[in-house]
Amino acid sequence: MTTSSTANVDMEQHSLNLWEKTQVTAAFAIACAVFLTIGWVSLEPVDPQGPASLLMESHGLLTVIEAALLAAVVGAIAAAIAGRTLPDVPTLAVALGL
């Protein structure tokens, strides 16, 4: 890239205040709580000492659908809490929960 093309890209950094940090932390905490409670009940492996694998499930497609729905719900909750401040929070919350 030349300097003329990079000059048009103006990335403004935004520092989070205490309230925004609290919102992001709450979104991550709720994501972890949902995945540790509801997620574990619906996605727990067949063998507790074995690996978590969809190949060992008798209904692997249903498990994938449950995981996608759970990720959508957690993403929506995180977006409602802190999505206005940082648009990447829902994706990070789902990744953290999984």
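Look above for the structure.
Values in this document were obtained by computation on a predicted structure and should not be read as measured data.

1. Considerations on the packing of helix H2 (residues 18–43) against helix H3 (residues 60–82)
How two helices pack is summed up by the angle between their axes together with the distance between the axes.
Step number 1: Across the interface, H2 lies against H3 with an axial gap of 9 Å and an inter-helix angle of 160 degrees. As summarised for this structure, H2 and H3 are arranged roughly antiparallel, according to the angle between their axes. H3 is crossed by H2, and the crossing has right-handed handedness. Residues Gln-23, Val-24, Ala-27, Ile-30, Ala-31, Val-34, Phe-35, Ile-38, Gly-39, Ser-42 and Leu-43 of H2 lie in contact with H3, whose contacting residues are Thr-63, Glu-66, Ala-67, Leu-70, Ala-71, Val-74, Ile-77, Ala-78, Ile-81 and Ala-82.

2. Here's the deal with helix H4 (residues 89–97)
Given 3.6 residues per turn, any residue in an α-helix points the same way as the ones three and four places further on.
Step number 1: Taken residue by residue, H4 has Val-89, Pro-90, Ala-93, Val-94 and Gly-97 as its buried positions. Down the axis of H4, the buried set is contained in an arc of 135 degrees. They therefore lie on one face. Turned more than 90 degrees off the buried face of H4, the exposed positions are Thr-91 and Ala-95.
Step number 2: Check the buried side of H4 and you find it contacts H2 and H3.

3. Quick notes on the nonpolar core
Step number 1: Grouped together as the largest cluster of nonpolar side chains are 13 residues, with contacts concentrated most on Ala-27, Val-74, Ala-78, Ala-82, Val-89 and Ala-93.
Step number 2: Only H2, H3 and H4 provide two or more residues apiece to this core.
Step number 3: With residues up to four places along the chain from it excluded, the contact list for Ala-82 reads Gln-23, Val-24, Ala-27 and Val-89.

4. A word on the packing of H3 against H4
Step number 1: The N-to-C vectors of H3 and H4 enclose an angle of 135 degrees; their axes lie 8 Å apart at closest approach. In this view, H3 runs oblique relative to H4, as classed from their interaxial angle. For the pair H3 and H4, the crossing hand works out as right-handed. Of H4, the residues touching H3 (which contributes Ala-71, Val-74, Gly-75, Ala-78, Ala-79 and Ala-82) are Val-89, Pro-90, Ala-93 and Val-94.
Step number 2: Its residues placed into classes, the contact of H3 with H4 shows nine nonpolar, one polar and no charged.

Here is what the cut-offs are and how they apply
Residues numbered from 1 in each chain as written. Predicted model: local features only at pLDDT ≥ 70, side-chain atom pairs only at ≥ 80, totals over all residues. Heavy atoms only, no water. Axes fitted to C-alpha atoms, helices over the stretch in contact; angles between N-to-C directions. Helix = DSSP H or I, 4+ residues; strand = E, 2+ residues; numbered from the N terminus. Parallel < 35°, antiparallel > 145°, perpendicular 65-115°, else oblique. Left-handed = near helix turned anticlockwise from the far one by under 90°. Contact = heavy atoms within 4.5 Å. Buried < 20%, exposed > 50% of the residue type's maximum accessible area, 1.4 Å probe, protein only. Arc of directions from axis to C-beta. Core = buried A, V, L, I, M, F, W, Y, C linked by side-chain atoms within 4.5 Å. Nonpolar A, V, L, I, M, F, W, Y, C, P; charged D, E, K, R; others polar.

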